[in-house]
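# Overview (structure and organization)
One letter stands for each residue in the lines below.
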Amino acid sequence: MSADLSAQLAASASRPWTVMEVCGGQTHAILRWGLDQLLPPGLRLIHGPGCPVCVTPAELIDGALELAARPEVILCSYGDMLRVPGSAAGADLLGVRAAGGDVRLLTSPLQAIALAQGSPACQVVFLAVGFETTAPATALLLRQARQLGLANLSVLLAHVRVAPAMEALLQDPANQVQGFLAAGHVAAVMGTAELSELVARQRVPVVVTGFGPADVMAGLLQLVQLLEAGTPALANAYGRVVRERGNGSAQALLAEVFVVMDRPWRGLGTIAGGGFGFAPAYRGFDALERFGLAPAQGGPQPQTPCISGPILQGRAIPPDCPAFGSACTPERPLGAPMVSSEGACAAYYRYRRQAP
Ligand code: SF4
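Residues numbered from 1 in each chain as written. Predicted model: local features only at pLDDT ≥ 70, side-chain atom pairs only at ≥ 80, totals over all residues. Heavy atoms only, no water.

### A look at the environment of D320
Within the secondary structure, D320 sits in the loop between α14 (308-312) and α15 (336-339). By relative accessible area, which is 47% here, D320 ends up partly exposed. For the pair formed by D320 and I307, sequence separation is 13 residues and the distance between their alpha carbons is 8.4 Å. (Helix = DSSP H or I, 4+ residues; strand = E, 2+ residues; numbered from the N terminus. Buried < 20%, exposed > 50% of the residue type's maximum accessible area, 1.4 Å probe, protein only.)

Structure representation (structure tokens):
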């Protein structure tokens, strides 16, 4: 199937094009299946910032580390977050746990409810990270916590929105992206309206795309056809999952619990409308306010060899990093893109590492 689509791509592309796959899941599929090696000459793929773990600001990780070290706090989050370094080299939540902090791994945010109920003398803090795909689960946690009147549970919120980040990349004077493969799982939740609006404003084609090798190739084919035709339109190449209106229940939950706000993305700076904050009725669950922490401002990157910023902006690829595969490996990561299961550095390390 991918070989057929490769032949169709070659027949469709009459000139060079540069396109970005937004989601880290798509980056992993491209490298795992060698899809970039099936493309016609001149069709260039840029890896996008679609890894929520990777774009979480170091300052917010620092806040999580500070909270996790407090004796009264149980800090809980998804597995990848436990190994993401903060500003100081080698500082991560696993290290705080090794030093005696109470850090728990959750597979669902709702597990924080039982944790808070079972530990009434402790403050349970959930470090909530992810795109619109996981934000509804955090919203459900907050709704249930409010209904139960849980006073010992709060959320350190780092949920981000993908469409504003795509627009910010296009507005960068150094932008090279001529079209996007959009993240199918985000569109499954949010629908396609905000992508249609982005296309209308920015006049670039966008194709909603899935994550299997044939999905990615089919999305690329549609994108190249739109580019060749000079048609800045939105297309849906993931129709078996994505509906125009998305998931109405999830959207209603997000609208109840969160408000859209500007948010700093690691490597991209502060993005207008780039994330979620607490709606007024839920502000009492904001861990920043409860513990008197300053919100992340997206300040300067830590002084490390890590070039995750340029990688997340699509200006560099992991092998450009001097630490790739030597000082930085999945076992000893220096940056989030090597930690996360959606990170570009982890993908290159797993599928493209040169033999030593
Ligand atoms: S290889 Fe490691 S140090 Fe280099 S950019 Fe990736 S995460 Fe950062």
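Moving on from the coordinates now.
### Focus: the environment of A279
By the element assignment, A279 lies in the loop between β11 (269-278) and α13 (287-291). Each C-alpha atom of the pair A279 and A69 lies 28 Å from the other, and the pair is 210 residues apart in sequence. For A279, the residues in contact, after removing those within four places along its chain, are E256, V257, F258 and V259. (Contact = heavy atoms within 4.5 Å.)

### Some points on the site of the ligand
Lining the immediate environment of the ligand, one finds 13 residues, of which C306, I307, C321, C328 and C345 sit closest. Only α14 and α15 provide two or more residues apiece to the shell around the ligand. A class-by-class count of the residues in the shell around the ligand yields eleven nonpolar, two polar and no charged. (Near = heavy atom within 4 Å. Nonpolar A, V, L, I, M, F, W, Y, C, P; charged D, E, K, R; others polar.)

### Thoughts on the packing of aromatic side chains
According to the stated counting rule, one finds six aromatic pairs in the structure shown. Between Y78 and F126, the ring centres sit 5.7 Å apart and the planes meet at 85 degrees, which makes this aromatic pair edge-to-face. Here Y78 is found in the loop between β3 (73-77) and α5 (93-98), whereas its partner F126 is found in strand β5 (residues 123-130), with 48 residues between them in sequence. On the basis of relative accessible area, F126 is assigned to the buried category, the value being 0%. For the ring pair F211 and Y238, a centre distance of 6.1 Å and an interplane angle of 80 degrees mean the geometry is edge-to-face. (Phe/Tyr/Trp six-rings, centres within 6.5 Å; stacked < 30°, edge-to-face > 60°.)

### Observations regarding helix α7 (residues 135-148)
A turn of α-helix holds 3.6 residues, and therefore any two residues three or four places apart point the same way. With 14 residues, α7 should cover 20 Å at 1.5 Å per step; its first-to-last C-alpha distance of 20 Å lies within 8% of that length. Of the positions making up α7, those classed as buried are A135, P136, T138, A139, L141, L142 and A145. Of the residues flanking the end of α7, it is G149, one or two places downstream, whose phi is positive at about 65 degrees. (Expected span 1.5 Å × (residues − 1).)

### Concerning the packing of helix α6 (residues 111-118) against α7
One way to put it is that α6 packs onto α7 with a least axis distance of 9 Å and a crossing angle of 30 degrees. One element, α6, and the other, α7, form an angle in the roughly parallel class. In this structure, the crossing between α6 and α7 has a hand that is right-handed. Mapping the contact onto sequence places A112, I113 and Q117 in α6 and L141, Q144, A145 and L148 in α7. Among the residues making up the contact of α6 with α7, the classes are represented as five nonpolar, two polar and no charged. (Axes fitted to C-alpha atoms, helices over the stretch in contact; angles between N-to-C directions. Parallel < 35°, antiparallel > 145°, perpendicular 65-115°, else oblique. Left-handed = near helix turned anticlockwise from the far one by under 90°.)

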